[in-house]
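In case you want the letters, here they are:
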Amino acid sequence: QVQLVESGGGLVQAGGSLRLSCVASASFLSIYTLGWYRQAPGKQRELVASITSGGSTNAGDSVKDRFTISRDNAKNTVYLQMNSPEPEDTAVYYCNADRPFGTTRRSYWGQGTQVTVSS
C-alpha cells in the first residue's frame, strides 16, 4: 500500500510560478518511476512529466520548456516546478508512483490538487 499526498496547488497568475509537492509513504521509493498527471473537466488524464529511478525525465510537449520535475528520495518527495503557467494549464494535478509488479505494473495515485491559472 502506497499513499501519495499532493500539496502546493492553488490560484496563480499567468506568468508567475508555482511548485507542487508530493510526499509518498513507501519503502524503497528509489525503484519507482514518479510522475505528475493532470485532468481538466471533459478531458482525459494526461502526462505532465515523469522521472525514472535513474533520473531520466520526460515531459508533455505543451509543458516541456516551462515545467520541471525533480525528486528527493531521502524525503520521499517528488516536485513539479511550474514556471510561466498559462490558463490552459488549469486542471487537477495528480501525483503518480509506478513500479513493476510481476509481469505487469502497479500504479498508485494521489488525491489530486487543483491548479487554477488566471489571465
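See above for the structure.
From a predicted model like this one, the values you see are computed outputs, not experimental measurements.

## Overview of the pairing of strand β8 (residues 77-83)
1) Next: In terms of residue burial, β8 counts as a mostly covered element, since 5 of its 7 residues are buried.
2) Next: Here strand β3 (residues 17-25) runs beside β8; their pairing, made up of 7 bridges, is antiparallel. Following the sheet pairing, V23 is matched in β8 by T77.
3) Next: The pairing of strand β7 (residues 67-72) with β8 spans 6 bridges and is classified as antiparallel.

## Concerning the pattern of salt bridges
1) Next: Taken as a whole and judged by the stated rule, the model has 4 salt bridges.
2) Next: For R38, the salt bridge goes to E46, with nearest N and O atoms at 2.8 Å.
3) Next: You can call E46 partly exposed: its relative accessible area is 35%.
4) Next: The closest approach of N and O atoms between R66 and D89, which form a salt bridge, is 2.8 Å. On the criterion of sequence distance, the pair formed by R66 in the loop between β6 (57-59) and β7 and D89 in the loop between β8 and β9 (91-101) is long-range, its members being 23 residues apart. Considered together, R66 and D89 belong to a single accessibility category, that of buried residues.
5) Next: A network of salt bridges, in which partner residues are shared, links R38, E46, R66 and D89.

## A word on the sheet that holds strand β1 (residues 3-7)
1) Next: Read from one edge of the open sheet, 4 strands run β1-β3-β8-β7, paired in antiparallel fashion. Taken across any chain shown, the strands that pair with only one partner, and hence form the sheet edges, are β1 and β7. Each strand axis lies, on average, 15° off the axis of its neighbour in the sheet, ignoring direction.
2) Next: Alignment of β1 against β3, held across 5 bridges, turns out to be antiparallel. Pairing of E6 across the sheet is with C22, part of β3.

The rules behind the values
The numbering scheme is per chain: residues are counted from 1 as the chain's sequence reads. With pLDDT at 70 or above as the cut-off, local features in this predicted model cover only qualifying residues; side-chain atom pairs require 80 or more to be listed or tallied, and sums for whole chains, interfaces and linings still use all residues. Values reported for side chains reflect all heavy atoms of the structure, with hydrogen atoms and water molecules removed beforehand. Type-normalised accessible area, obtained with a 1.4 Å probe on protein chains alone, sets the label of each residue: buried when under 20%, exposed when over 50%, and partly exposed for intermediate values. Here a strand is any run of E in DSSP of at least two residues, a helix any run of H or I of at least four, and the numbering for each starts at the N terminus. A pair of strands counts as paired when DSSP detects no fewer than two bridges linking them. Salt bridges are counted wherever a side-chain nitrogen of Lys or Arg sits within 4 Å of a carboxyl oxygen of Asp or Glu. All axes here are fitted lines through C-alpha atoms, helices being fitted over the stretch that makes contact, and every angle between N-to-C directions spans 0 to 180 degrees.

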